[in-house]
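Overview (structure and organization)
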Amino acid sequence: MKCILCEKYSLTHICKDCQTNFLTPSIYKRTLSNGITVISFYRYSENKELLFTKHTDIGFYVYNILAKLSFEKFAQEFHTKEKYVSIAIDDNPRSGYSHTAILNHTLKSYNIMPLHNKLRAQSSISYSGKTRAFREQNPRNFHLKNFKNKNVILVDDIITTGTTLREAIKILEEKEKEVAFCLTLCDVSISV
């Protein structure tokens, strides 16, 4: 197969050279209005074409590569005494897989246990390209399934306005869960 970035022949959809040259993650932090920190690994502007693959068959492979380069590496280097669960925003499979579930799954480590199918949006409204006002007027109406653990890491693919994460944090806090921080693949607000 050919690498989708450089078109050289490769055993993976993105060759090792392109992974090293173009997809080495960085740490970007943003604090939401509720005081919760969001850690992101990429600038949206540099990777939007790759992120758009989530709506295609190749997206499964692209998201697995991005997750291993960023989320998995983070989990390997995240050393605390406390134990955490990670929960993906709306990990409902669409088009045969869930891109947020892929990200969440790679967090598995000695002190992070990914939970699946716990936080689902009841609304199917798409926020893609919508304003903050639209997002706030059309909440996701999350439903949270019960789980024992208290310390939570919240996972999503992209942060734009933070509306989705704040709504998810609110429902978790109402169920007496503590969101330590959020992890996202990309942050739209970070400019080059």
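Everything below is about the structure shown above.
**Considerations on the state of the cysteines**
- As enumerated under the stated definition, the model contains zero disulfides in all.
- Free cysteine: Cys 6, not disulfide-bonded; nearest cysteine sulfur from Cys 18 at 3.7 Å.
- Here Cys 15 stays unpaired: no disulfide links it, and the sulfur of Cys 18, its closest cysteine neighbor, is 3.6 Å away.
- Exposure remark for Cys 15: the relative accessible area of 8% places this residue in the buried category.

**Describing the pairing of strand E2 (residues 37–43)**
- Counting buried positions along E2 yields five of seven residues, so the element is predominantly enclosed.
- Of the pairings in the sheet, the one linking strand E1 (residues 28–31) to E2 comprises four bridges and is antiparallel in character. Within E2, the residue paired with Tyr 28 across the bridge is Ser 40.
- Following E1, the chain reverses through five residues before pairing antiparallel with E2; Gly 35 in that reversal takes a positive phi of roughly 90 degrees.
- Across five bridges, the pairing between E2 and strand E8 (residues 178–187) is parallel. From the neighbouring strand, Arg 43 faces E8, where its bridge partner is Asp 187.

**Examining the pattern of salt bridges**
- Scanning the entire structure with this criterion turns up five salt bridges.
- Linking Arg 30 and Asp 187 is a salt bridge whose minimum nitrogen-to-oxygen distance equals 2.5 Å. Of this pair, Arg 30 sits in strand E1 while Asp 187 sits in strand E8; the two residues are 157 residues apart in sequence, bridging distant segments of the chain. The burial state of Arg 30 is the same as that of Asp 187; both residues are buried.
- The shortest N-O distance in the salt bridge between Glu 46 and Arg 43 comes to 3.1 Å.
- Classification of Glu 46 as partly exposed rests on a relative accessible area of 43%.

**Observations regarding helix H3 (residues 59–77)**
- In this model H3 runs 26 Å from its N-terminal to its C-terminal C-alpha over 19 residues, within 8% of the 27 Å that 1.5 Å per residue would give.
- At Ala 67, H3 shows its largest bend, some 40 degrees.
- Among the residues of H3, those classed as buried are Gly 59, Val 62, Tyr 63, Asn 64, Ile 65, Leu 66, Ala 67, Ser 70, Phe 71, Phe 74 and Ala 75.

**Quick look at the sheet that holds strand E3 (residues 84–88)**
- With mixed pairing, six strands are arranged side by side in an open sheet as E1-E2-E8-E7-E3-E4. The open sheet has two free edges, formed respectively by E1 and strand E4 (112–115), since each of these has just one partner strand. Shown here is a sheet whose adjacent strand axes are inclined to one another by a mean of 25 degrees, direction ignored.
- Relative to E8, strand E7 (residues 151–159) is paired through eight bridges, and the arrangement is parallel. Among the inter-strand pairings, Asn 151 is bridged to a residue of E8, identified as Glu 178.
- The strands touched by helix H2 (residues 44–51) within the sheet are E2, E7 and E8, with E2 carrying the most contacts at an inclination of about 75 degrees.
- Set on the sheet, helix H6 (residues 163–174) makes contact with E2, E7 and E8; between it and E7 the angle comes to about 160 degrees.

**Things to note about H2**
- Among all positions of H2, only Tyr 44, Asn 47, Leu 50 and Leu 51 are buried. Taken end-on, H2 shows its buried residues confined to a sector of 110 degrees, consistent with a single buried face.
- Residues of H2 that are buried in the fold lie against E2, H3, E7 and E8.

**Considering the packing of aromatic side chains**
- Tallied over the full model, the rule gives eight aromatic pairs.
- Between Phe 60 and Tyr 61, the ring centres sit 5.2 Å apart and the planes meet at 90 degrees, which makes this aromatic pair edge-to-face.
- Residue classification places Phe 60 among the partly exposed residues on the basis of a relative accessible area of 35%.
- Counting every residue linked through ring pairs, the aromatic cluster contains Phe 41, Phe 71, Phe 74, Phe 78, Tyr 84 and Phe 181.
- Directly above the ring of Phe 147 sits Lys 177, whose terminal nitrogen or CZ lies 4.3 Å from the centroid.

Scoring rules and cut-offs
Residues numbered from 1 in each chain as written. Predicted model: local features only at pLDDT ≥ 70, side-chain atom pairs only at ≥ 80, totals over all residues. Heavy atoms only, no water. Disulfide = S-S within 2.5 Å. Buried < 20%, exposed > 50% of the residue type's maximum accessible area, 1.4 Å probe, protein only. Helix = DSSP H or I, 4+ residues; strand = E, 2+ residues; numbered from the N terminus. Pairing = 2+ DSSP bridges. Salt bridge = Lys/Arg side-chain N within 4 Å of Asp/Glu carboxyl O. Expected span 1.5 Å × (residues − 1). Bend = angle between axes of the 7 residues up to and from the residue. Axes fitted to C-alpha atoms, helices over the stretch in contact; angles between N-to-C directions. Contact = heavy atoms within 4.5 Å. Arc of directions from axis to C-beta. Phe/Tyr/Trp six-rings, centres within 6.5 Å; stacked < 30°, edge-to-face > 60°. Lys NZ or Arg CZ within 6 Å of the ring centre and 35° of its normal.

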